[in-house]
Amino acid sequence: MSDVSGTHDDQATLVSGALTSMHLMAAADRYLSEEEVHLIADLLYKTTGEEVGPEAIIAMSREIDEQSTGGAVFWQAAFEPYRKLSLDARGIILKCAMMVALSDGDFHDEEKRTLGDLAGWLGLSMDEFNAILTTVENEMGD
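Residues numbered from 1 in each chain as written. Predicted model: local features only at pLDDT ≥ 70, side-chain atom pairs only at ≥ 80, totals over all residues. Heavy atoms only, no water.

1. Here we look at the environment of Phe79
The condition that has to hold: Each helix is a run of H or I in the DSSP string that is no shorter than four residues. Each strand is a run of E no shorter than two, and both are numbered from the N terminus. A 1.4 Å probe rolled over the protein chains alone gives each residue an accessible area, and that area as a share of the maximum for its type sets the label: buried under 20%, exposed over 50%, partly exposed in between. Between two residues, a contact is recorded if the distance between any of their heavy atoms is within 4.5 Å.
The residue Phe79 is located in helix α4 (residues 72–79) in this model. With relative accessibility at 0%, the residue Phe79 sits in the buried group. When near neighbours in sequence (up to four residues on either side) are disregarded, Phe79 contacts Gly17, Thr20, Ser21, Leu24, Ile93, Leu118, Trp121 and Leu122.

Written as structure tokens, this is what we have:
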């Protein structure tokens, strides 16, 4: 679990950002599987210490799916509130999305592009993106 207690980040905002980023990646195929729901719950707990039940994850997924017809414009606006978080907290949000993308063992070009967009929407540089990706790949390789 990452500790953001030393920052002025609001835990609820961090959890919301992490959930939103994981839904962005899970929704890439327009289908949220039971495995993805459990993965999202597990990753959220590991990265933020917050427990969110499957019902809440599914409800959020439905809400995001209904609102996301605007494509990149929607997603950029959805991540705007999280740009105010610390670098560490924004890194956690990106890390959560990366872990969902890498969880099936295949890292597709579309996932890479989406993660690059997400990094930009969060105000992260390419160097920050690459550093987080390297960390996630190393952690998931263990």
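2. Description of helix α7 (residues 126–141)
To be explicit about the condition: Multiply 1.5 Å by the residue count of a helix minus one, and that product is the helix's expected span. Summarising the geometry, the arc corresponds to the directions from the helix axis toward the C-beta atoms.
In a regular helix each residue adds 1.5 Å, so 16 residues correspond to 22 Å; α7 covers 22 Å between its end C-alpha atoms and thus fits that length. Those residues of α7 lying buried are Phe129, Ile132, Leu133 and Val136. All buried residues of α7 fall inside an arc of 105° around its axis, so they share one side. Seen from the buried face of α7, the exposed residues on the opposite side, beyond 90 degrees, are Asp127 and Gly141. For α7, the elements touching its buried residues are α5 (87–102) and α6 (109–121).

3. Here's the deal with the packing of helix α2 (residues 34–48) against α5
To keep it simple, the criterion reads: All axes here are fitted lines through C-alpha atoms, helices being fitted over the stretch that makes contact, and every angle between N-to-C directions spans 0 to 180 degrees. In this scheme, a crossing is called left-handed if the near helix is turned counterclockwise away from the far one by less than a right angle; it is called right-handed if the turn is clockwise. Classification convention: Asp, Glu, Lys, Arg as charged; Ala, Val, Leu, Ile, Met, Phe, Trp, Tyr, Cys, Pro as nonpolar; all other residues, Gly among them, as polar.
At a minimum axis distance of 10 Å, the contact between α2 and α5 shows a crossing angle of 145°. Along this stretch, α2 crosses α5, giving a crossing that reads as right-handed. For the pair α2 and α5, contact is made by Leu39, Ile40, Leu43, Thr47 and Thr48 and by Ile92, Cys96, Met99 and Val100, respectively. Taken together, the residues of the contact of α2 with α5 break down into seven nonpolar, two polar and no charged.

4. Some points on the confidence of the model for the protein
In regions of low pLDDT, the predicted coordinates are not meant to be interpreted in detail. Here is the rule: Every residue is assigned a pLDDT by the predictor, reflecting its confidence on a scale from 0 to 100.
A residue-level look at the protein finds 89% of positions with pLDDT of 70 or above and a mean pLDDT of 85. Looking at the elements of the protein, mean pLDDT is at its lowest for helix α3 (residues 54–67), recorded as 84, and at its highest for α5, recorded as 92. Note on residues 1–6: pLDDT is under 50 here. Beyond four places in sequence and across chains, it has 13 contacts.

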